[in-house]
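Now for the letters of each chain:
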Amino acid sequence: MSQTTKSAVLGAGPMGLICALELLKAGHSVDVYERDDRIGGMSATFNFDGLEIERYYHFICKTDYPLFELLAELNLSDQLRWTDTKMGFYWNGRLHKWGTPQALLRFAGLSWVEKFRYAMHVMRTKSINEWTALDKIDALSWLKAALGERAYNVLWKRLFELKFYELSDQLSAAWLGTRIKRVALSRRNLLQESLGYLHGGSATLLRALERRIAELGGRIHLKAGIDKVVTRGSGKVCGIIVGGEERAADQVISTAPIQYVPALVPDLPEEFSARIRAIRNIPVACVILKLKRRLSENFWMNICDPGIEIPGVIEYSNLNPGAGPTIVYAPFYMPKTHPKYARPNQAFIDETLGYLPKLNAAFSPDWVIATHCHRYDFAQTICPPGFYAQLPPMKTPIQGLFMADTSYYYPEDRSISESVAVGRRLARAAAGG
């Protein structure tokens, strides 16, 4: 590709910004188009009652090497902070300590044999480096074979039911295994979990990327989504339509949810469009609370209890003490077809507040300083067994059109580090034509 290649990147989340940066370094002329009024995607911040905080929670693990490389490149390594975090497990009407050998030994919900099987399963999963075999196995069967039916019911069943509902049995073991491994390896030692965050939050990274893109001559256009990719029946990208105006482009690289691509590119072959439509996602309604007092000592609290219909709460201020008062995220994942998802945001907020006295008996409504609820329709990709083969290639049949979204993290967990890794892969694909 020559230095005059005009590349249009769709989406200014971390993946789109990384892709733009890499293309600029390769000599492309790059414009980034974002429908939102700010950069960041799911890591974007908003003003929450005077506090700049991310719409959705993020954390960093010890194995997030692509992110560490980017921080070094942007001279941000000194902004990385590590916290000794704690994990809780709410089960059978009580909050239990979790995430350490001592907590496992003291947990009354499992027999000694089940505790041993659970520990061995985590140890084995930590050592897996090749996920191809587990890509062909469903997660529930994998867990039940490793832990036993009863232990699965205690530890996992409710988590799957409250995130995936009728889709719970349609997830690959590889998808789950990488999540177990990522957190299990993020420890200071065997007895202490250690997770990270950036001083100033993800906004620190986003601002640095924005500056570097501008320094290299790139342009970011906010409130300016791409309406159509122009091909004129030629089978290759000829330009884009933005706000009713046609603009020149040799390449279009989409980092928006791939489900939008067929509508943007009407000339895309139907067979390829069908592969895109086959990729399913579930949305999230994420409640955020600002409280006067701590809810618990935990950063992450899994919930497996019939009296609470959320799979967990994330007390972000126990990871990042500089976030201000107590900040709690409560994510309601569910298929968009679920009747509950049609409720107004306030209903999710009220439901969350109703659960807090169960999680902390001392909770009082006067603890609440502010509340908010964000929604996102493509929060979690459904990754069934065989998902490696199901994913369409980044390079589409239209010459000059490339695409990726969070589905392409598979089998890895959703994280900014994976945004960096996939953004770079996408840029390499585009730079290679």
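Everything that follows concerns the structure shown earlier in this document.
Residues numbered from 1 in each chain as written. Predicted model: local features only at pLDDT ≥ 70, side-chain atom pairs only at ≥ 80, totals over all residues. Heavy atoms only, no water.

A.B. asks: Which parts of the structure should I look at to understand the pairing of strand β1 (residues 6–10)?
C.D. replies: Side-chain positions along a regular strand alternate between the two faces of the sheet. By the criterion of burial, β1 is predominantly enclosed, with four of the five residues buried. Examined bridge by bridge, β1 and strand β2 (residues 29–34) share five bridges and lie parallel to one another. Within β2, the position partnered with S7 by the bridge is V30. Handedness of the crossover joining β1 and β2 through helix α1 (residues 14–25) is recorded here as right-handed. Bridge analysis of β1 against strand β14 (residues 251–254) gives four bridges, and the strand direction is parallel. The partner of L10 across the bridge, within β14, is S254. (Buried < 20%, exposed > 50% of the residue type's maximum accessible area, 1.4 Å probe, protein only. Helix = DSSP H or I, 4+ residues; strand = E, 2+ residues; numbered from the N terminus. Pairing = 2+ DSSP bridges. Right-handed = clockwise from strand over helix to strand, strands pointing away.)

A.B. asks: I tried to follow the sheet that holds strand β12 (residues 239–242) on my own but got confused; where do I start?
C.D. replies: What links the strands of a sheet is backbone hydrogen bonding, and the strands pair in either a parallel or an antiparallel sense. Spatially, β11-β12-β13 is the arrangement adopted by the three strands of the open sheet, whose pairing is antiparallel. Only two strands of the sheet have a single partner each, and these edge strands are β11 (228–230) and β13 (245–248). Ignoring strand direction, the axes of neighbouring strands in this sheet form an average angle of 30°. Bridge analysis of β12 against β13 gives four bridges, and the strand direction is antiparallel. Its bridge partner being in β13, I241 is matched across the sheet by E246. (Axes fitted to C-alpha atoms, helices over the stretch in contact; angles between N-to-C directions.)

A.B. asks: Please explain helix α14 (residues 416–431) as it appears in this structure.
C.D. replies: Three or four residues apart is the spacing at which side chains of an α-helix point the same way, because the helix has 3.6 residues per turn. Taking 1.5 Å of rise per residue, 16 residues should cover 22 Å, and α14 covers 22 Å from first to last C-alpha, within 8% of that figure. Taken together, the buried positions of α14 are occupied by I416, S417, E418, S419, V420, V422, G423, R424, L426, A427 and A430. In this fold, the buried residues of α14 make contact with α1, α2 (65–73), α9 (202–215), β14 and β20 (401–403). (Expected span 1.5 Å × (residues − 1). Contact = heavy atoms within 4.5 Å.)

A.B. asks: What am I meant to see in the side chain of R179 here?
C.D. replies: Note on placement: R179 falls in helix α8 (residues 173–184). Taking relative accessible area as the criterion, R179 reaches 13% and is therefore assigned buried. In this structure the side chain of R179 is engaged in a polar contact, spanning 3.2 Å, whose partner is the side chain of T178. With near-sequence residues (within four places) excluded, R179 lies in contact with Q380, P411, E412, D413 and R414. (Polar contact = N/O pair within 3.5 Å; in protein donor to acceptor, adjacent residues only side chain to side chain.)

A.B. asks: Which parts of the structure should I look at to understand the state of the cysteines?
C.D. replies: Any covalent bond linking the sulfur atoms of two cysteines counts as a disulfide. Across all of its chains, the model carries zero disulfides by this definition. Between C304, a cysteine without a disulfide, and C286, which holds the nearest cysteine sulfur, the sulfur-to-sulfur distance is 18 Å. In this structure C304 comes out as buried when scored by relative accessible area, which is 5%. (Disulfide = S-S within 2.5 Å.)

A.B. asks: What exactly am I supposed to notice about the sheet that holds strand β16 (residues 300–304) here?
C.D. replies: Strand order in the open sheet formed by seven strands is β7-β6-β16-β17-β18-β15-β19, with mixed pairing between adjacent strands. In the strand order of this sheet, the two ends are held by β7 (94–98) and β19 (368–381), each with one partner. Across this sheet, the average inter-strand angle for adjacent strands is 20°, counted without regard to direction. One ladder, built from five bridges, connects strand β6 (residues 87–91) with β7; its direction is antiparallel. By the bridge assignment, G88 is partnered in β7 with K97. The sheet contacts of helix α7 (residues 149–164) involve β6, β7, β15 (281–291), β16, β18 (326–333) and β19, and relative to β16 the element is tilted by about 90°.

A.B. asks: How should the packing of α1 against α14 be read in this particular structure?
C.D. replies: The description of two packed helices rests on the angle between their axes and on the distance between the axes. Running from amino to carboxyl end, α1 crosses α14 at an angle of 40°, the nearest separation of the two axes being 8 Å. With respect to each other, α1 and α14 are oriented oblique. Note that α1 runs across α14; the crossing there is right-handed. For the pair formed by α1 and α14, the contact residues are P14, M15, I18, C19, E22 and L23 on the first element and I416, S419, V420, V422, G423, R424, L426, A427, A430 and A431 on the second. Partitioning the contact of α1 with α14 into residue classes produces twelve nonpolar, two polar and two charged. (Parallel < 35°, antiparallel > 145°, perpendicular 65-115°, else oblique. Left-handed = near helix turned anticlockwise from the far one by under 90°. Nonpolar A, V, L, I, M, F, W, Y, C, P; charged D, E, K, R; others polar.)

A.B. asks: Quick question: what am I supposed to make of the nonpolar core here?
C.D. replies: For soluble globular proteins, the rule of thumb is that nonpolar side chains tend to be buried together. Judged by nonpolar contacts, the single largest core of 126 residues is most densely connected at L155, W156, F160, L176, L205, Y316 and Y329. Those residues in contact with F160 that sit more than four places away from it in its chain are A139, L140, L143, Y152, Y165, S168, L171 and L176. Counting residues in each nonpolar core, the second largest holds 26 residues, with L162, L289, L295 and M301 among its members. (Core = buried A, V, L, I, M, F, W, Y, C linked by side-chain atoms within 4.5 Å.)

A.B. asks: For this particular structure, what's the right way to read the environment of H374?
C.D. replies: Among the structural elements, H374 can be located in strand β19. Here the alpha-carbon distance between H374 and P66, two residues 308 residues apart in the chain, equals 28 Å. What H374 contacts, discounting residues up to four positions off in sequence, is F46, R55, Y56, V284, A285, C286 and I288.

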